[in-house]
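Structural overview for review
So you can see what is in the structure, the chains are spelled out below.
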Amino acid sequence: MIMTVKWDELSGPAIAKIAQSTDVAILPFGSLEMHGPHLPTSTDALVAQAISVRAAEMEPAIVLPVLRYTPAWSMKCYPGTISMPTNLITRIFDVICSEAARNGFKKVIIFSGHGGCAVTNQLMEEWMEKKSKGQIDYSVYCVFIGDAIGEQNAREFDGHGGAMETSWAMAAAPELVHPELVNQVGPILPPEMPGVNKPDYWNKVVPLGYKNDPRKADAKVGEKALETAARFLADAIKKVKQC
């Protein structure tokens, strides 16, 4: 019988047993924001979780419940987005990492499936300050999906909610992907003031909430990308264990 690597699907004694063989936990996180009419608002989180689980099955680790909230102020112009203050999310990260360490997992890898999120930078800065003062006894590491998917996939990425991201979602949660709901190419308009980020930037530049043509998505392409990312993350787990 193969035991799950998901924290929330394990019993307390099972988690304690895993902590005897590995001290690494993965905390996948994404966002709740519009990705067009064809993808769920939790697309980033679902993809991050799928990659994390695959990686933990390759290189033993435990996967914490995926965190679906993040600062997403630029996406508040679309329906379905829930944006959280950076200081609140940083505090939540801090508590989760601390509790994971209390359970024996003193090395936490935060795996981000959300682009453009600076909350991990603030978290790392606060962690380094606490570490230097001897206030914490655990370590935090960050891995971003943009690095994990590999150079080729990164080059072929066609934007928010586009064919590539839709392909990833097809591999991660196929039952939630509906490309048939897309009836036109997502336009990308020139910004009113190039180089100046405004609160309504996305609404002006990406009026449909997605870019390019998600109908070109391919589940096989998505599967290959997720496997590439999982191998990258598994290698990161192995390196963290040696720290």
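Everything that follows concerns the structure shown earlier in this document.
A brief structural summary. No experiment lies behind these values; they were computed from the predicted model shown.

**Description of the overall build of the chain**
When you go through the chain residue by residue, the secondary structure sums to 9 helices and 4 strands. Counting from the amino terminus, the chain carries its helices and strands in the arrangement α-β-α-β-α-β-α-β-α-α-α-α-α. On C-alpha atoms alone, the chain measures out to a radius of gyration of 18 Å, which is about the 18 Å that the 2.2 N^0.38 rule sets for 243 residues. Along the longest, intermediate and shortest principal axes, the C-alpha atoms of the chain span 55 × 40 × 30 Å. Counting across all 243 residues of the chain, residues that qualify as buried make up 49%. Excluding contacts between residues fewer than 6 apart, the proportion of contacts in the chain whose partners are at least 24 apart in sequence is 76%. Accessible surface, the chain: about 11,900 Å² in total, of which carbon and sulfur atoms supply 55%. Where the 24 positive side-chain charges of the chain centre and where its 27 negative ones centre are 3 Å apart.

**Focus on the pairing of strand 3 (residues 107–112)**
Of all the 6 residues making up strand 3, 6 are buried; the element is thus mostly covered by neighbouring parts of the structure. Alternating positions in strand 3 separate into two faces, K107, I109 and F111 on one and V108, I110 and S112 on the other, with burial throughout. Examined bridge by bridge, strand 1 (residues 24–29) and strand 3 share 6 bridges and lie parallel to one another. Bridging from a neighbouring strand, F29 pairs with S112 of strand 3. Pairing of strand 3 with strand 4 (residues 139–144) involves 6 bridges; the strand directions are parallel. In the strand pairing of strand 4, I109 is matched with Y141.

**Thoughts on the environment of M34**
With respect to the element layout, M34 can be found in the loop between strand 1 and helix 2 (43–58). Considered as a pair, M34 and T81 are 47 residues apart in the sequence and their alpha carbons are 6.0 Å apart. What M34 contacts, discounting residues up to four positions off in sequence, is T41, M75, Y78, P79, T81, H160, L208 and G209.

**So, helix 7 (residues 163–172)**
An α-helical turn contains 3.6 residues, so a residue and the one three or four places further along point in the same direction. With respect to burial, helix 7 is a largely interior element, 9 of its 10 residues being buried. Taken as a whole, helix 7 has its buried residues at A163, M164, E165, T166, S167, W168, A169, M170 and A171. Packing partners of the buried residues in helix 7 comprise helix 2, helix 5 (145–148), helix 6 (151–156) and helix 9 (219–241).

**Looking at the nonpolar core**
Counting 30 residues, the largest nonpolar core has I26, I51, F111, W168 and L233 as its most contacted members. Listed by contribution, the elements that provide at least two residues to this core are strand 1, helix 2, strand 3, helix 5, helix 7 and helix 9. When residues in this core are grouped by element, the largest group, 9 residues, is from helix 9. Contact partners of I51, with chain neighbours within four places excluded, come to F111, I145, L226, A229, A230 and L233.

**Quick word on empty space enclosed by the protein**
If a probe the size of a water molecule is rolled over the atoms, the empty space left behind becomes visible. Following the criterion strictly, the structure yields 2 cavities of 30 Å³ or more and no others. Taken together, F93, D94, C97, L123, E126, W127, K130, Y138 and V140 make up the lining of the second largest cavity. Among the elements of the structure, helix 3 (86–102) and helix 4 (119–132) are those that each provide at least two residues to the lining of the second largest cavity. Per element, the largest residue contribution to the lining of the second largest cavity is 4 residues, and it comes from helix 4. Looking at side-chain class alone, the lining of the second largest cavity contains 6 nonpolar, no polar and 3 charged residues.

**Focus: the packing of aromatic side chains**
In total, this model carries 3 aromatic pairs according to the counting rule given. Considering the side-chain rings of F157 and W168, the 5.6 Å spacing of their centres and the 25 degrees angle between planes classify their relative orientation as stacked. Of the two residues, F157 is situated in the loop between helix 6 and helix 7 and W168 in helix 7; the sequence distance between them amounts to 11 residues. On the basis of relative accessibility, which here comes to 35%, the residue F157 falls in the partly exposed class. The class of W168 is buried, set by a relative accessible area of 5%.

Rules and cut-offs
Residues numbered from 1 in each chain as written. Predicted model: local features only at pLDDT ≥ 70, side-chain atom pairs only at ≥ 80, totals over all residues. Heavy atoms only, no water. Helix = DSSP H or I, 4+ residues; strand = E, 2+ residues; numbered from the N terminus. Rg over C-alpha atoms; globule rule 2.2 N^0.38 Å. Buried < 20%, exposed > 50% of the residue type's maximum accessible area, 1.4 Å probe, protein only. Contact = heavy atoms within 4.5 Å. Areas by Shrake-Rupley, 256 points an atom, 1.4 Å probe, with all protein chains shown as cover. Lys, Arg positive; Asp, Glu negative; His and termini not counted. Charge placed at Lys NZ, Arg CZ, Asp CG, Glu CD. Pairing = 2+ DSSP bridges. Core = buried A, V, L, I, M, F, W, Y, C linked by side-chain atoms within 4.5 Å. 1 Å grid on protein atoms, 1.4 Å probe; cavity = no way out; pocket = protein on both sides within 12 Å on 5 of 7 lines; lining within 4 Å. Points joined across faces, edges and corners; volume = space filled by probe spheres on them. Nonpolar A, V, L, I, M, F, W, Y, C, P; charged D, E, K, R; others polar. Phe/Tyr/Trp six-rings, centres within 6.5 Å; stacked < 30°, edge-to-face > 60°.

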